[in-house]
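Here are the chains, one letter per residue:
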Amino acid sequence: MKRKDEIAVDKIVECALSEFMEKGFEGASMRTIAERAGYTTGMVYARFADKSRLFKELVGKAADKLFNYFSQSEDHFAELSPEQQHKEMHTYVGAKVDVMIDIIYDNFDAFKLIVCKSAGSGYEYYIDKMIDIETANTVRFIETLNNAGIKMNEVRADLSHMLSSAMFNGIFEVVAHDLPREDARGYIKQVQDFFNAGWDKLLGLPSDWKHIV
């Protein structure tokens, strides 16, 4: 059986979720959260120092899980041989994105807050940080393959950043639009197909080039 304090915390977090969903981080009020939960403002502050702590309570674990998986996947890809990176560049990413979709949908409320309600919070630039990692690794990927004698066209870092931004924001649109999981999976596959074709063109891959399937 839960102790009274655990019950109080659960109630506060539940009401904070409703408050953040309705008003966003900036518009949310600790006083209103306390009123919703049926506790004093002082009691809420005694358990969560500010609304940033409450927001982190709601999104932190899920955000870390996705970000760490993404970062580790990028690092693992960089450890593959240049030949493997060349052959598996699309299929590797596709498989990892599929896992990322499940992480997002297993924690949908958390990512709804991050994508749609995080302005002013410590998670406002969460997606931008992923875009920065993707941009840096794209530049590294092209350099690695060229150094290994696998000819790739150079792509400016600022262009790479713009394309990564378009792709990642496109992926997270499934959250903004509340798409069901399997609909989201199909949508994101189409987004990836679109960007894969574009990247093949930019990198100068021949039209009959085939990656591993």
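All of the points below concern the structure found in this document. This structure is a prediction, so every number in the text was calculated from the model and none was measured. (Residues numbered from 1 in each chain as written. Predicted model: local features only at pLDDT ≥ 70, side-chain atom pairs only at ≥ 80, totals over all residues. Heavy atoms only, no water.)

**Focus: the overall build of the protein**
Scanning the protein for helices and strands turns up nine helices and zero strands. For the protein, the succession of helices and strands along the chain, N to C, is α-α-α-α-α-α-α-α-α. Overall, the C-alpha framework of the protein stretches about 65 × 35 × 30 Å when taken along its three principal axes. Counting every position in the protein, which comprises 213 residues, the buried fraction comes to 41%. (Helix = DSSP H or I, 4+ residues; strand = E, 2+ residues; numbered from the N terminus. Buried < 20%, exposed > 50% of the residue type's maximum accessible area, 1.4 Å probe, protein only.)

**As for the environment of Gln84**
Assignment of secondary structure puts Gln84 in helix α5 (residues 82-106). By relative accessible area, Gln84 is classed as partly exposed at 34%. Each C-alpha atom, one on Gln84 and one on Thr138, is 15 Å from the other, the two residues being 54 residues apart in sequence.

**Here's the deal with the packing of helix α1 (residues 4-27) against helix α6 (residues 108-117)**
Viewed as axis vectors pointing N to C, α1 and α6 meet at an angle of 20°, and their least axial separation amounts to 9 Å. As summarised for this structure, α1 and α6 are arranged roughly parallel, according to the angle between their axes. Read as a crossing pair, α1 and α6 show a hand that is left-handed. Side by side, α1 and α6 meet where Leu17, Phe20, Met21, Glu22, Gly24 and Phe25 of the first sit next to Asp109, Lys112, Leu113 and Lys117 of the second. (Axes fitted to C-alpha atoms, helices over the stretch in contact; angles between N-to-C directions. Parallel < 35°, antiparallel > 145°, perpendicular 65-115°, else oblique. Left-handed = near helix turned anticlockwise from the far one by under 90°. Contact = heavy atoms within 4.5 Å.)

**Some points on the environment of Pro206**
Position of Pro206 among the secondary structure elements: in the segment after α9 (181-203). When its relative accessible area of 46% is taken as the criterion, Pro206 is described as partly exposed. Note: C-alpha distance between Pro206 and Glu124 (82 residues apart in sequence) is 40 Å.

**Regarding the pattern of salt bridges**
For the coordinates displayed, the defined rule picks out eleven salt bridges. Residue Asp106 pairs with Arg181 through a salt bridge whose shortest N-O separation is 2.9 Å. Of this pair, Asp106 sits in helix α5 while Arg181 is found in helix α9, placing the two residues 75 residues apart along the sequence. When its relative accessible area of 52% is taken as the criterion, Asp106 is described as exposed. Accessibility expressed as a relative area gives 26% for Arg181, which makes it partly exposed. Lys112 is paired through a salt bridge with Asp178; the nearest N and O atoms lie 3.1 Å apart. Taken as a pair, Lys112 in helix α6 and Asp178 in the loop between α8 (157-176) and α9 lie far apart in primary sequence, 66 residues in all. Overall, Lys112 belongs to the buried group, its relative accessible area being 13%. Through salt bridges with shared partners, one network takes in Asp98, Asp102, Asp106, Arg181, Glu182 and Arg185. (Salt bridge = Lys/Arg side-chain N within 4 Å of Asp/Glu carboxyl O.)

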